[in-house]
Amino acid sequence: MTIVQLETFLKVSETKNFTLAASSLGYAQSTVTTQIKQLEDELGCLLFERLGKTIVLTPAGERLKAYAEKLLQLEREIHLEVPEEQEPAGLLKFGVSESFCYKRLPQILMRYKEKYPKVEIRLQFITHDTFPELLKKGELDIVYTLNPDMEDESLQLLHRNPETLGFYVQPGHPLAAKKKIKEEDLKGIPLLLTSHNCSFRHMLLTDFEAKGITPQIALETSSKEILKQFARNGLGVAFMPDMAAEEEVSSGRLVRLNWAGTAFPIFSQVFIHKDKHVSFAIEELVKLIKS
């Protein structure tokens, strides 16, 4: 059993297709088939059931998947930690909230890559409801998330900093001239909101419900760029993290409303799994995030 075979096994379990797995890994399909057959022969069991064109994990395959994910995570940690040279090297799987990517995260990553060019950072966008499981499975090493304050016994918090949410409109919007905006001012106003699984949207709608206001939702999307585009064109009030709209506000394309209603506390937070070792590579990344 080799790391390469386990990587191939996980890719097949992810894509549920030998051809797609081979293409993703840069192998011939026959190579993928051979590696899976070698694993099955060594373990003495079937790992996949081939039901026509559909491939599903067997119960044995499900059990192997959990171990394979742990082994590959350990392999990444070995490459990052074991070499004697001071400079870390290897793969770091980094989950991030999209909002950080407008300004903050690119600057952090540029500084990190300048200091540690041998570390390969693989980015993945995350949502607040899925990243704990991704950390548990070893599919991510570290997460930089924007959420309400959260506690999870499976997670270890490495950093926490208060952030802010805001309501944004085009400069000519009627609400832009008001000195103070509260929930009742948004009654009947088209709202541009993040998608269903976003905690920001949930916070706002919970507040509206408590105030007895039925929101008029004009758009729901996970893309902050689309929210800003619709707001710039006068199609509604966008509710999003302030960090995502800094450029538009400074250029005068959007105006932040002077919100005087319920506060929506959110935080930038860095998590790893509670059992994960804080490697030097992770420690240095967190230092840059804190700075």
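Each chain has its residues counted from 1, running along the sequence as written. pLDDT decides what is reported in this predicted model: residues at 70 or higher carry local features, side-chain atom pairs at 80 or more are listed and counted, and totals for whole chains, interfaces and linings draw on all residues regardless. Processing note: side-chain calculations cover all non-hydrogen atoms of the structure and skip hydrogens and water entirely.

Is there a simple way to think about a nonpolar patch on the surface in this case?
Together, Ile 226, Phe 230 and Leu 235 make up an exposed nonpolar region whose accessible area comes to about 240 Å². For Phe 230, the location among the structural elements is in helix H8 (residues 224-232). When a residue's accessible area, from a 1.4 Å probe over protein chains only, is under 20% of the maximum for its type it is buried; when over 50% it is exposed; and in between it is partly exposed. On the basis of relative accessible area, Phe 230 is assigned to the partly exposed category, the value being 31%. Two joining distances apply to patches: 9 Å for like charges and 5 Å for nonpolar side chains (Val, Leu, Ile, Met, Phe, Trp, Tyr), and every residue must have over 30% relative accessible area and no salt bridge. Under the convention used here, a 1.4 Å probe and the Shrake-Rupley method define accessible areas, while residue burial counts only the protein chains that appear. For this analysis, a salt bridge means a side-chain nitrogen from Lys or Arg found within 4 Å of a carboxyl oxygen belonging to Asp or Glu. By definition, any uninterrupted DSSP run of H or I lasting at least four residues is a helix, any uninterrupted run of E lasting at least two residues is a strand, and each is numbered from the N terminus.

I'm lost on the pairing of strand E3 (residues 90-96) in this one. Help?
Look at any regular strand and the pattern is simple: side chains alternate between the two faces of the sheet. The buried fraction of E3 is high, at 6 of 7 residues. In terms of strand pairing, E3 meets strand E4 (residues 119-125) through 7 bridges, oriented parallel. Across the sheet, the residue bridging to Leu 91 is Glu 120, located in E4. A right-handed crossover is one whose linking path, passing over the helix from the first strand to the second, runs clockwise when the strands point away from the viewer. One crossover worth recording links E3 to the parallel E4 by way of helix H5 (residues 104-115), and it is right-handed. Bridge count between E3 and strand E5 (residues 142-147): 3 bridges; the pairing is parallel. Pairing of Phe 94 across the sheet is with Ile 142, part of E5. At least two DSSP bridges between two strands are required for those strands to pair.

Teacher, can you tell me more about the sheet that holds strand E11 (residues 255-256) here?
Backbone-to-backbone hydrogen bonds pair the strands of a sheet. The strands run either parallel or antiparallel. Pairing in this open sheet of 5 strands is mixed, and the strands run E9-E8-E10-E7-E11 from one edge to the other. A single partner strand is all that each edge strand has here, and the edge strands are strand E9 (216-220) and E11. Whether two residues touch is decided by their heavy atoms; if any such pair falls within 4.5 Å, the residues are in contact. Between N-to-C directions, angles span 0 to 180 degrees; the directions come from axes that are lines fitted to C-alpha atoms, helices contributing only their stretch in contact. Docked against the sheet, helix H7 (residues 199-210) engages strand E7 (165-169), strand E8 (190-193), E9 and strand E10 (237-241), running at close to 150 degrees with respect to E8.

Whenever I open this one, the environment of Ser 30 confuses me. Can you help?
Turning to its location among the elements, Ser 30 is positioned in helix H3 (residues 29-43). The partly exposed category is assigned to Ser 30, whose relative accessible area is 49%.

Quick question: what am I supposed to make of the packing of helix H1 (residues 3-15) against helix H2 (residues 18-25) here?
Any two packed helices are characterised by how steeply their axes cross, that is the angle between the axes, and by the distance between the axes. Put simply, H1 and H2 touch, their axes get as near as 8 Å, and they point 125 degrees apart. As summarised for this structure, H1 and H2 are arranged oblique, according to the angle between their axes. Judged by the sense of rotation from one axis to the other, the crossing of H1 with H2 is right-handed. Note on element contacts: H2 touches H1 through Phe 18, Leu 20, Ala 21, Ser 24 and Leu 25, opposite Thr 8, Lys 11, Val 12 and Thr 15. A per-class count over the contact of H1 with H2 returns 5 nonpolar, 3 polar and 1 charged. Roughly parallel means an angle under 35 degrees; roughly antiparallel means over 145; roughly perpendicular covers 65 to 115; every other angle is labelled oblique. For any pair of crossing helices, the crossing counts as left-handed if the nearer helix is rotated counterclockwise from the farther one by less than a right angle, and right-handed if it is rotated clockwise. Throughout this entry, Asp, Glu, Lys and Arg are counted as charged residues, while Ala, Val, Leu, Ile, Met, Phe, Trp, Tyr, Cys and Pro are counted as nonpolar. The remaining residues, Gly among them, count as polar.

What's the story with the packing of aromatic side chains in this structure? I'm lost.
Centre-to-centre distance and the angle between the planes together describe a pair of aromatic rings. Only rings of Phe, Tyr and Trp enter the pairing, Trp through its six-membered ring, and a pair is recorded when the two centres are within 6.5 Å. The plane angle decides the type: under 30 degrees is stacked, over 60 is edge-to-face, the rest tilted. Within the structure shown, the criterion is met by 11 aromatic pairs. The interplanar angle of 70 degrees and the centroid separation of 6.2 Å between the aromatic rings of Phe 18 and Phe 48 together place this pair among those described as edge-to-face. Note that Phe 18 is positioned in helix H2 and Phe 48 in strand E1 (residues 48-51), a separation of 30 residues in sequence. Clustering of aromatic rings is evident, with ring pairs tying together Phe 167, Phe 239, Trp 259 and Phe 264.

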